[in-house]
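Understanding the architecture of this molecule
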Amino acid sequence: MERSEKLILVVSGTLMGVFLLLLVYSGLGLGVVVPTCITDVRPFTQGRVEQRGPRQYDVYLVSRMWFFDPGEIRLPPGSEVNLYLSALDVTHGAYIEGTNVNLMAVPGSVNFARFRLEGEGVYRVLCHEYCGLGHQNMAGKIIITREAAAAPGAELVAGAR
Ligand code: CUA
């Protein structure tokens, strides 16, 4: 190997080492974070229900193989719901029985629907997009009950699967 070839190898190897060290330093030392997908950050990574006003709720519904999070949501009659639907793994769907709400849950995106649920009862949330072996059992439910209105704060928490 000629001297010039050795020199090129040493210089390029050293440069690669320096770049690698700078990469590690920027990540660990300076805390630089690469921008990520909107569904990889809160509030879209975990299902939850937030009360926005009297009978107004924001529902963050996360679909995964093979359940919805939260799996059970209790709201008082007449609730207006802002539904934010996301998916953490594959494409799912969400159809709310007895309503015209029918959304796709596509990884990397958030789908939105606003609707009102008047009558008491159980509204099943059904996955309508084939998403794997457990697809046929993937369902959640929204329970419209006066008890949700009678117990202040109870409707703020929904985490049961
Ligand atoms: Cu989720 Cu089908």
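Computed from a predicted model, the values in this text were never measured in an experiment.

Definitions and cut-offs
- Residues numbered from 1 in each chain as written.
- Predicted model: local features only at pLDDT ≥ 70, side-chain atom pairs only at ≥ 80, totals over all residues.
- Heavy atoms only, no water.
- Pairing = 2+ DSSP bridges.
- Helix = DSSP H or I, 4+ residues; strand = E, 2+ residues; numbered from the N terminus.
- Axes fitted to C-alpha atoms, helices over the stretch in contact; angles between N-to-C directions.
- Salt bridge = Lys/Arg side-chain N within 4 Å of Asp/Glu carboxyl O.
- Buried < 20%, exposed > 50% of the residue type's maximum accessible area, 1.4 Å probe, protein only.
- Polar contact = N/O pair within 3.5 Å; in protein donor to acceptor, adjacent residues only side chain to side chain.

Description of the sheet that holds strand S6 (residues 92–96)
With respect to topology, five strands assemble into an open sheet ordered S4-S10-S9-S6-S7, the strand pairing being mixed. Across the chains shown, the open sheet's two edge strands, defined by having one partner strand only, are strand S4 (72–75) and strand S7 (102–105). Adjacent strand axes in the sheet meet at a mean angle of 20°, parallel and antiparallel pairs treated alike. As defined by bridge partners, S6 adjoins strand S9 (residues 121–126) across two bridges and the pair is classed as antiparallel. Looking at the pairing, Tyr95 lines up with Leu126 of S9.

Examining unusual backbone geometry
Residues apart from glycine generally show negative phi values, whereas peptide bonds are mostly found in trans. In the segment running from Met65 into Trp66, the intervening peptide bond is cis, with an omega of -5°. Following the sequence through the fold, Trp66 ends up in the loop between strand S2 (56–64) and strand S3 (67–69). In this structure, Arg55 is a non-glycine residue whose phi angle is positive, near 55°. Mapped onto the elements of the fold, Arg55 is located in the loop between strand S1 (48–53) and S2.

A closer look at the pattern of salt bridges
Scanning the entire structure with this criterion turns up eight salt bridges. The closest approach of N and O atoms between Arg116 and Glu80, which form a salt bridge, is 3.3 Å. Here Arg116, found in strand S8 (residues 111–117), pairs with Glu80, found in strand S5 (residues 79–87); they are 36 residues apart in sequence, far enough to count as distant.

Re the side chain of Asp58
Its location among the elements puts Asp58 in strand S2. The buried category is assigned to Asp58, whose relative accessible area is 4%. Within polar-contact distance, the side chain of Asp58 engages the side chain of Arg52 at 2.5 Å. Within the structure, the side chain of Asp58 is placed 3.0 Å from the side chain of Asn82, a separation counted as a polar contact.

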